[in-house]
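Per-entry structural report
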Amino acid sequence: IVLNGDWASSQPWLMRAVQRMCQDLHLPILGLTLDDTPTPALAETVQALYAMNLQYVALKPQTVRQIHCVLDIADCVHPHPVVLQWFGGRTGGHHSFEEFHMPIIQTYSAIRSRSNIVLVAGSGFGDAAGMLPYIDGSWGEMVDCAPMPFDGVLLRSRVMVAREAFTPASIKELIVQASGIDPYDLPALFNSDSKGITSIVDHKGRPMHVIANRAAQLCKDLHKWVFSQPPDKQPALLQTRKAEIISRLNADYMRPWFGQKRDGSFVDLEDMTYAETIDRLVSLMHQQGQWLHPSYRNFVAKFSERAAMRLHAHGVAFEQPVPRTDYDPVLDEIETSKHCFKAHLDSCLLASEDIQFFLALCTRPKQKAVPFVPVMDHSLVTYMMRDALGQMEQMHSAEQRVLIPHGPVSAAYSTQIDQPLAEIMDDINQGVVQGLLTAQYG
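Throughout what follows, the structure given in this document is the object of discussion. A quick note: this is a predicted structure, and the numbers were derived from the prediction, not measured.

Parameters and conventions
Residues numbered from 1 in each chain as written. Predicted model: local features only at pLDDT ≥ 70, side-chain atom pairs only at ≥ 80, totals over all residues. Heavy atoms only, no water. Helix = DSSP H or I, 4+ residues; strand = E, 2+ residues; numbered from the N terminus. Buried < 20%, exposed > 50% of the residue type's maximum accessible area, 1.4 Å probe, protein only. Contact = heavy atoms within 4.5 Å. Areas by Shrake-Rupley, 256 points an atom, 1.4 Å probe, with all protein chains shown as cover. Phe/Tyr/Trp six-rings, centres within 6.5 Å; stacked < 30°, edge-to-face > 60°. Lys NZ or Arg CZ within 6 Å of the ring centre and 35° of its normal. Core = buried A, V, L, I, M, F, W, Y, C linked by side-chain atoms within 4.5 Å.

Let us look at the overall build of the chain. A tally of helices and strands in the chain yields 17 helices and eleven strands. Along the three orthogonal principal directions, the C-alpha set of the chain runs to about 90 × 50 × 45 Å. Per-residue burial over the chain gives 49% buried out of 442 residues. Counting contacts in the chain only where the partners sit at least 6 residues apart, residues at least 24 apart contribute 69% of the total. Surface accessibility of the chain: about 21,100 Å² in total, with carbon and sulfur atoms responsible for 54%.

If you want it as structure tokens, here you go:
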């Protein structure tokens, strides 16, 4: 088992989780990929991870400077291996603006001077013919350099349509419709809308390659209209397009506008009653008989408790209802509150303090990104984009409303839905072996 973790945003939790899985649960965790920008401070982290008996740690530099940082970390943890995963600008999801080959050409000698560096190419691959030049190093000869072999190749986008992938069927269908681009077509690499892939910008300003669907187009439009403009102009721009943005969030995006009255009209939080707020939370966070994430259950429980405390403080009479046993405990508590405070829940608008409490719950530590957009201000892009790629697997029939990470080069190889992973890997393995034998013996 190899884990992938975002160290910067979940450092204490991730370290405890890895330690528990390795030492307490005795799970066969072989390695961990840190999905962060490499910095010198990560050397101590890598050493701590090896102290948990991991076999390797992988880092993902995006620039020449970051590659040298990985080399420095490798020196600090020698003889433990450090996997250097190089993606360049061709990868699906978050990507750099670096051309794939030149940074490796500039740093290859330094990389190979470290015996504990494992160099892995990780983007734009899908068949044996495309991988072979990087396995045998002959790609270097194409740019008038000596052979520069990689130690391995990583497949990500290519296997999203495999039979074993958890990718919903409707999203697999959309992926295979993307034709992809030539790996050496640099102008198209970062402007590939016509090939079914586009590049958008997340809430941290990082570019991401995703399938060009309605959700991606909304993100691009908002960046163009608002978030690429000077910060002091953004609030007015948001208010000017507020009705249009709300409409498109509801029609084109996986996280709809939160404020909604019983009659279906869309409003701001201050125009909602306590009952409408709680019902809206449950409808968005509890679906098909289960909570979409454990933290959503806690969110609803805390806000429902807050509502009961607010109304009880106003002297609302409390009448204990008949207990019900067919609900989740949190939902059962909500039914209790509705029975006790029905008139006030239905008529009292949210107090300003409770609106701030609601928004604080949305962004509290360990809270899964909420599945809605509650406010129209500078935080809009954060509510839309935080952990957006992780929501794809929950939206089984909304392929146009989710962000689907996929590489613009790898898309050319994703042509068959539900091909067994073993078949994909066997075809590649046999092709590479045959290619190496042919190159050696003719």
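Centre distance and the angle of the planes are the two values used to describe a pair of aromatic rings. Tallying each qualifying case throughout the model produces 14 aromatic pairs. Aromatic side chains Tyr134 and Trp139 sit 5.9 Å apart centroid to centroid with 20° between the ring planes, which places their arrangement in the stacked category. Each member of the pair, Tyr134 together with Trp139, is buried. With a centroid separation of 6.5 Å and 80° between ring planes, the pair formed by Phe299 and Phe372 is classed as edge-to-face. Residue Phe299 is located in helix α13 (residues 294–313), and its partner Phe372 is located in the loop between α15 (352–363) and α16 (380–385); the two are separated by 73 residues in the primary sequence. Assigned by exposure class, Phe299 and Phe372 land together as buried. Counting every residue linked through ring pairs, the aromatic cluster contains Phe258, Tyr274, Phe299, Phe303, Phe358 and Phe372. Residue placement shows Arg306 over the ring face of Phe357; its charged tip is 4.5 Å from the ring centre.

As a further point, take the nonpolar core. By size, the foremost hydrophobic cluster in this structure holds 70 residues, and its most contacted members are Tyr253, Phe358, Phe372, Leu380, Met384 and Leu403. With eight residues, the single largest contributor to this core is helix α9 (residues 214–227). In this structure, Phe358 is in contact with Phe258, Leu269, Thr277, Leu281, Phe299, Phe303, Phe372 and Pro374, ignoring residues within four places of it in sequence. Counting residues in each nonpolar core, the second largest holds 48 residues, with Met15, Leu42, Phe100 and Ile424 among its members.

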